[in-house]
Amino acid sequence: MPQSASIISGIQTMVLYETRARYFLVGTNQAQTKHRVLKIDRTEPKDLVIIDDKHVYNQEEVQELLGRLDLGNRTKIGQKGSSGLSRAVTAYGIVGFVRFLEGYYIVLITKLRKVADIGGHSIYKIEDTSMIYIPNDSARVTHPDEARYVRIFQSVDLSSNFYFSYSYDLSHSLQYNLTLLQRPYELWIPPVSSAEEEVQTQSKQDSFDIFEDEGMPTQVVYGIQNEPYYKYVWNGKLLERIKDIVHQDWLMYIIYGFCGQSKLLIYGRPVHITLIARRSSKFAGTRFLKRGANCEGDVANEVETEQIVHDASVMSFTAGRYSSYVQVRGSVPLYWSQDISTMMPKPPIRLDQADPYAHVAALHFDQMLQRFGSPIIILNLVKKREKRKHEKILSEELYPAVINLNQFLPPENCIDYIAWDMARYTKSKLCNVLDRLSMIAETVVKRTGFFINRSDFYCHTLRPDDRWGDLGGHITASGRVQTGVLRTNCVDCLDRTNTAQFMVGKCALAYQLYALGMIDKPKLQFDTDCVRLFEELYEDHGDTLSLQYGGSQLVHRVKTYRKIAPWTQHSKDIMQTLSRYYSNAFSDADRQDAINLFLQVYQPSESKPHLWELPTDFYLHQRNTMCLPQNRRSYTLWWSEGILSYLPVAYDEVPCEDTMKRVKVKRVNRFDESIDIYTEFFKPYELTSFDDTFCTAMTNSAREFMPKTLGVDPSPFTVRKPEETGKSVLSNKSNKEETLLQRKTAASAPPPPSEEAISSTSEDDSEEDRDDDGPVSQRSTPIKLLTESGESSRTQEEPQKQQSLKEPYGINLAEFPADDDLLIYERFAHLGESQHRMERIGHINLENIVCLDPVSCFSEDSIYAVCPPQVDRTSRDQFESHVMAAHGQMRVLCREDMLTYREYVKNRYM
């Protein structure tokens, strides 16, 4: 079967040129060998007229075209003063086209930054954009409210947490993208026509094939271009106007959420850990203004979080080793809301509509079954016992809805429901919240399994573990896939949800590293470099999602639930509480209007009331209020057709006739630029520096978390003391004293304030009913470090200075050097004195002056010339086999290799 590869966008840099009548957008690939031109008319006041000739230009042709346009648009022929074609802006992608009450605007990405790399596929974060009005001044029809709509639209900060990629589909999971490349496309695409043969012949002429002259057949590769999952695409509506007009390379889809990547070094072996969060663009909004679900089953604050583990010793996307795990958060799928008109920090929860047949929950879980398969596991973290019923209202409605839906599903595919009052456990002094979450996480990961793209791992054979045999998921010929997903919710899906997702992700990370052969058992301990790195990723992830939905960072973190947070954390929590309350009360309405306008949920028109005149946006998100549904879904057969026949595997990942319609396939030469990920990643035509590469600059476990003292175990799976981090060891003395102060405070004072000690105005995730609470823990007072006399303090400082000198240099500089070291230094100094003497009598024998042992094995080695050593044939063969292995071409094992491997296994494991 021919190999498959993802299509790389042929337009990665573009320049916008302008004349009085036209905009010309010239796009090119990274190597600047192929160009496309888009012509945009500027004479239409309210319509968008775009012409794409679909022609691919080379460098000379596009220069000639721009020269003719410049000459033809001058006011007088031969005039050189003012150019008829001026360069407006340089960009890296089109966000979309938008119109309010006047003409259209084009939104371009003008600055980007690389934030992650997955098998050579770069992921970029938008850093800056430019919004350009298309019609010229003579054709413009002004409207007094246009400027206000522009301000509302631009209040969506595109430089904050919007991501895209030229070659990787961020709207889908890694499991979907890799299984997509393994489908049997020769069964679904028609045979090659004569026109396609001409295209392939031209492609072969443009590309260089080193095997063509040797008489070897050129390998044909299927280039795959998949339709994005529009639920997680945020500029889908902005590109809808041009989607069927322009070439596919002009379309670039962006996601909103979070993307972070860190490098875990295991004795020098690099492992990339990536965290990607995709926020749904359906029923999107802010905290109190978007609750529950809409009539189509889309819920508020729905985020899909995926953690990817990649053995970065091999960067290839097809030959590398990858593992991923996906989980979801989202509001309770019911018709419910909270009235914020009373300006209360804790508005009462109300059910807006009766739904006796769980119709909206059925639509929501139908989407999840189609995308993730079964089982769907619900982890409900809202409160169970309250004197004044608040959160309990949601649990009393959700559980009967799940029971109602499960009675029509087959028993093996039923929805699992786990209800656990996390807030009540937090208040208990005898219960450990994270231990309970670890037990739930172990159960969940065993049910759903995880994705890994290699089946030839024998870690569970060499290092057997009883838990490996109970692992769920679906085993395929190429590895293992995750079936089903964990859906976590509380009221806001912020603080409690993020901690629960971290514990599930930590458990899944242990299984992923175990499957990749990195650890000997699927278990990770707290306070190791690996878990610290993962916890920092998840805290950044939680802070970002909390800012997007709630208006502030997390109020309660993992350290809060571990009860090891420093005493200064309480004041920070109060500040985040106040920030969240202010955002919800005063700025959420404007943010909601901006989101509705950006997502084109509301499209301005002169015949409709303005956006700021609407009393509510309920009718914009609930389509059944504006028109009657044509087809009413069944209350018993509530799932989409064809889903049950493929469960537990997700319907979207099955190569059937319906799913293959979303994939565009074309035959290309294996050396074609459109699939050459090597050139895309390494950029051999550019002058680059190692210090500027992303892989060097990313967060590193050895640099950021491992202690810098000598003799420390460099394993990232070794449990460290709380103060043993790379950041604290390199800090100054004041930071060390502060760390010591925090340790003594934590040891002598009561535990840090838990949820009931925090202000009840923080959020629904942290609000506790004080009627049934016990006494609140008293706030601890700081302890001052005092010495009895100045002399005793100096005696304590001297060993610290010696220790601080010994840490970076490996020796104690205060001690007197050894005799051998002094002798070497004297010889070196004597050699320098002899070198600068002006009088020379006869021949000087250097052996009489100094005797130095040669340190170089080269025959010639000086500051002027170096003779490199000769590399034997065996070493060259070994290096070439290593390079071929990186490309996925392994050489046949000989008898010596088998004997070596048997000897290694015998010595290591027997």
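All values derive from a computational prediction rather than experimental measurement.

**Focus on helix α26 (residues 873-886)**
1) Next: For α26, spanning 14 residues, the distance from its first C-alpha to its last is 20 Å, which sits close to the expected 20 Å at 1.5 Å a residue.
2) Next: Following α26 by one or two positions, G888 adopts a phi angle in the positive range, close to 85°.

**Observations concerning the packing of aromatic side chains**
1) Next: Under the definition given, this model contains 32 aromatic pairs.
2) Next: Relative to F598, the ring of F162 lies with its centre 6.0 Å away and its plane at 55°, an arrangement referred to as tilted. Taken as a pair, F162 in strand β10 (residues 162-164) and F598 in helix α15 (residues 569-598) lie far apart in primary sequence, 436 residues in all. For the pair F162 and F598, one class covers both residues: buried.
3) Next: Taken together, the aromatic side chains of F100, Y105, Y133, Y149, F153, F162, W234, Y256, F598 and W612 make up a single cluster linked through ring pairs.
4) Next: Its guanidinium or amino end placed over the ring of Y23, R42 lies 4.4 Å from that ring's centre, counting from NZ or CZ.
5) Next: The ring of W612 is capped by R148, whose NZ or CZ atom sits 4.0 Å from the centre of that ring.

**Regarding the pairing of strand β18 (residues 376-380)**
1) Next: Here β18 lies mainly inside the structure; five of its five residues are buried.
2) Next: Burial along β18 is two-sided: the residues I376, I378 and N380 and I377 and L379 are all buried.
3) Next: The pairing of β18 with strand β19 (residues 416-419) spans four bridges and is classified as parallel. Along β19, the bridge assignment pairs N380 with A419.

**Considering the pattern of salt bridges**
Two side chains of opposite charge can pair, provided their charged atoms sit close to one another.
1) Next: Applying the stated criterion to the full structure yields 36 salt bridges.
2) Next: Note that D352 is salt-bridged to R350, the shortest N-O span being 3.6 Å.
3) Next: Taking the relative accessible area as the measure of exposure, R350 reaches 44% and is therefore partly exposed.
4) Next: One salt bridge in this structure joins D652 and R662, with 3.3 Å as the shortest N-O distance. Highlighted residues: D652 in the loop between α16 (618-621) and α17 (657-660) and R662 in the loop between α17 and β24 (663-669), separated in sequence by 10 residues.
5) Next: Classification of D652 by relative accessible area gives buried; the value is 5%.
6) Next: Each of R278, E304, E306 and R371 takes part in one network of salt bridges that share partners.

**Here's the deal with the nonpolar core**
A general tendency of soluble globular proteins is for nonpolar side chains to be buried together.
1) Next: One finds L437, V445, F450, F502, L509, L513 and L524 to be the most contacted residues of the largest nonpolar core, which totals 56 residues.
2) Next: For this core, the elements supplying multiple residues, two or more each, are β12 (255-266), β13 (269-279), β14 (303-311), β18, α9 (433-448), α12 (495-515), α13 (529-550) and α14 (558-562).
3) Next: No other element matches the 12 residues that α12 contributes to this core.
4) Next: Non-local contacts of L513, meaning those with residues more than four positions away in its chain, are made with V271, V309, M518, I519, L524, C530 and F717.
5) Next: If you look at the next biggest cluster of nonpolar residues, it comprises 34 residues, including L334, M368, F372 and V491.

Reading the values: rules and limits
- Residues numbered from 1 in each chain as written.
- Predicted model: local features only at pLDDT ≥ 70, side-chain atom pairs only at ≥ 80, totals over all residues.
- Heavy atoms only, no water.
- Helix = DSSP H or I, 4+ residues; strand = E, 2+ residues; numbered from the N terminus.
- Expected span 1.5 Å × (residues − 1).
- Phe/Tyr/Trp six-rings, centres within 6.5 Å; stacked < 30°, edge-to-face > 60°.
- Buried < 20%, exposed > 50% of the residue type's maximum accessible area, 1.4 Å probe, protein only.
- Lys NZ or Arg CZ within 6 Å of the ring centre and 35° of its normal.
- Pairing = 2+ DSSP bridges.
- Salt bridge = Lys/Arg side-chain N within 4 Å of Asp/Glu carboxyl O.
- Core = buried A, V, L, I, M, F, W, Y, C linked by side-chain atoms within 4.5 Å.
- Contact = heavy atoms within 4.5 Å.

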